[in-house]
Amino acid sequence: VLNFALWRFIGGTAVFAREVGFLTDWTTAEHAHVRRVVKSAWRKGRTDDLFTDAYAGPGKVRLALKYADAAKLRAVLYNRGPQAFNTGPMQTMFTVHGKLLTMDLLWTIAHDVVDAASPDPVTGVTHWQPAVNVLGRVPWFGANDDGMRVPTFFAKEVAQDLLDTPVFEGGRA
C-alpha cells in the first residue's frame with residue numbers, strides 16, 4: 001500500500017519508483033532515502049525524470065526543482081529556509097517534506113486498507129470500494145463533500161494499482 005501511494009503521490013513516474021525502490025518500513029530512515037534519491041537526481045539535472053507533470057503535486061515539485069539553487073532544494077526537501085511554506089496544504093503541494101508527512105498518515109492506515117480489501121467472509125467476493133474509502137481518510141486521498149468523507153483521484157489510482165497485487169485476492173477478477 002505504502003509503495004504504490006509513495007510512487008504515485010510523490011514522484012508519479014516509473015523512474016521515481018525504480019530509484020526509491022520497494023520499501024518495507026516507513027521511518028525517518030526511509031524519509032532520508034527518498035530525499036537522497038531526489039537530491040541525487042537534482043545534482044545530475046534529472047529531476048524531470050523523477051517527477052511527472054501529469055499530477056499537480058509532483059508537477060509543482062518538478063517545476064520548483066528544474067532551476068533550483070541549493071536554498072530552493074532545501075526548501076523543497078525539508079520545508080526550511082526563507083522559501084519554506086507555513087501551511088500544511090502548501091507544504092504538501094510544493095515540497096517533498098509535506099508529501100512525506102502525508103505518507104506518514106497513509107502508513108498508519110495501510111493495514112486498514114489491506115483489511116478492507118479482504119474477501120467478504122460470506123460470499124468470498126472482493127470489492128475495491130471499501131479499500132478506496134479507507135485510503136480516502138488520508139488528506140489528498142480524500143476530501144469532505146457535503147458532510148461526508150469521499151475518496152479522491154489518488155485513492156482511486158492507488159486502489160487500482162493494488163488490484164493486481166496480493167492485497168486483493170483474485171485481482172481484477
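Rules behind the numbers
- Residues numbered from 1 in each chain as written.
- Predicted model: local features only at pLDDT ≥ 70, side-chain atom pairs only at ≥ 80, totals over all residues.
- Heavy atoms only, no water.
- Helix = DSSP H or I, 4+ residues; strand = E, 2+ residues; numbered from the N terminus.
- Rg over C-alpha atoms; globule rule 2.2 N^0.38 Å.
- Buried < 20%, exposed > 50% of the residue type's maximum accessible area, 1.4 Å probe, protein only.
- Contact = heavy atoms within 4.5 Å.
- Areas by Shrake-Rupley, 256 points an atom, 1.4 Å probe, with all protein chains shown as cover.
- Lys, Arg positive; Asp, Glu negative; His and termini not counted.
- Charge placed at Lys NZ, Arg CZ, Asp CG, Glu CD.
- Axes fitted to C-alpha atoms, helices over the stretch in contact; angles between N-to-C directions.
- Parallel < 35°, antiparallel > 145°, perpendicular 65-115°, else oblique.
- Left-handed = near helix turned anticlockwise from the far one by under 90°.
- Nonpolar A, V, L, I, M, F, W, Y, C, P; charged D, E, K, R; others polar.
- Core = buried A, V, L, I, M, F, W, Y, C linked by side-chain atoms within 4.5 Å.
- Salt bridge = Lys/Arg side-chain N within 4 Å of Asp/Glu carboxyl O.
- 1 Å grid on protein atoms, 1.4 Å probe; cavity = no way out; pocket = protein on both sides within 12 Å on 5 of 7 lines; lining within 4 Å.
- Points joined across faces, edges and corners; volume = space filled by probe spheres on them.

(A) How the structure looks around the overall build of the protein. Tallying secondary structure elements over the protein gives 10 helices and 2 strands in all. Relative to the 2.2 N^0.38 estimate, which gives 16 Å for 173 residues, the radius of gyration of the protein is 17 Å and therefore close to what a compact globule would have. Counting only C-alpha atoms and orienting by the principal axes, one finds that the protein spans roughly 60 × 35 × 30 Å. When each of the 173 residues of the protein is scored for burial, the buried share is 44%. Looking at the protein alone, contacts between residues at least 24 apart form 51% of all its contacts between residues at least 6 apart. Surface exposure of the protein reaches about 9000 Å², of which carbon and sulfur atoms provide 56%. Positive and negative side-chain charges of the protein, numbering 19 and 17 respectively, have mean locations separated by a distance of 12 Å.

(B) Highlighting the packing of helix α1 (residues 2–11) against helix α10 (residues 153–162). As a packed pair, α1 and α10 sit with axes 9 Å apart at the nearest point and diverge in direction by 135°. Considered as vectors, α1 and α10 are oriented oblique to each other. As α1 runs across α10, the sense of the crossing is right-handed. Residues Phe4, Ala5, Arg8 and Phe9 of α1 touch α10, and the partners they reach there are Phe154, Glu157, Val158, Asp161 and Leu162. A class-by-class count of the residues in the contact of α1 with α10 yields 6 nonpolar, no polar and 3 charged.

(C) Just unusual backbone geometry, in detail. If you check the backbone angles, tryptophan 140 has positive phi at about 80° while not being a glycine. Note that tryptophan 140 resides in the loop between α9 (129–135) and β1 (142–145). On the accessibility criterion, tryptophan 140 (31% relative accessible area) is partly exposed. With phi around 55°, aspartate 146 is a residue other than glycine that occupies positive phi space.

(D) Layout of the nonpolar core. Counting 49 residues, the largest nonpolar core has Leu6, Val96, Met103, Leu135 and Phe141 as the members making the most contacts within it. Counting residues per element, the ones that place at least two in this core are α1, α2 (14–20), α3 (28–43), α5 (56–66), α6 (70–78), α8 (96–116), α9 and α10. The element best represented in this core is α8, accounting for 8 residues. Once residues lying within four places of it in the same chain are set aside, the contact partners of valine 96 are Val34, Val38, Phe51, Val61, Val76 and Leu77.

(E) Layout of the pattern of salt bridges. Under the criterion given, the structure shown has 8 salt bridges. As a salt-bridge pair, arginine 46 and aspartate 49 come within 3.3 Å of each other at their nearest N and O atoms. Taking the relative accessible area as the measure of exposure, arginine 46 reaches 23% and is therefore partly exposed. With a relative accessible area of 37%, aspartate 49 lands in the partly exposed category.

(F) Broad picture of the layout of surface pockets. For the largest pocket, the calculated volume is near 190 Å³. Lining of the largest pocket is provided by Val1, Leu2, Asn3, Phe22, Leu23, Thr24, Asp25, Trp107, Ala110, His111 and Val114. Taken together, the elements giving at least two residues each to the lining of the largest pocket come down to α1 and α8. Among the elements that take part in the lining of the largest pocket, α8 stands out by supplying 4 residues, more than any other.

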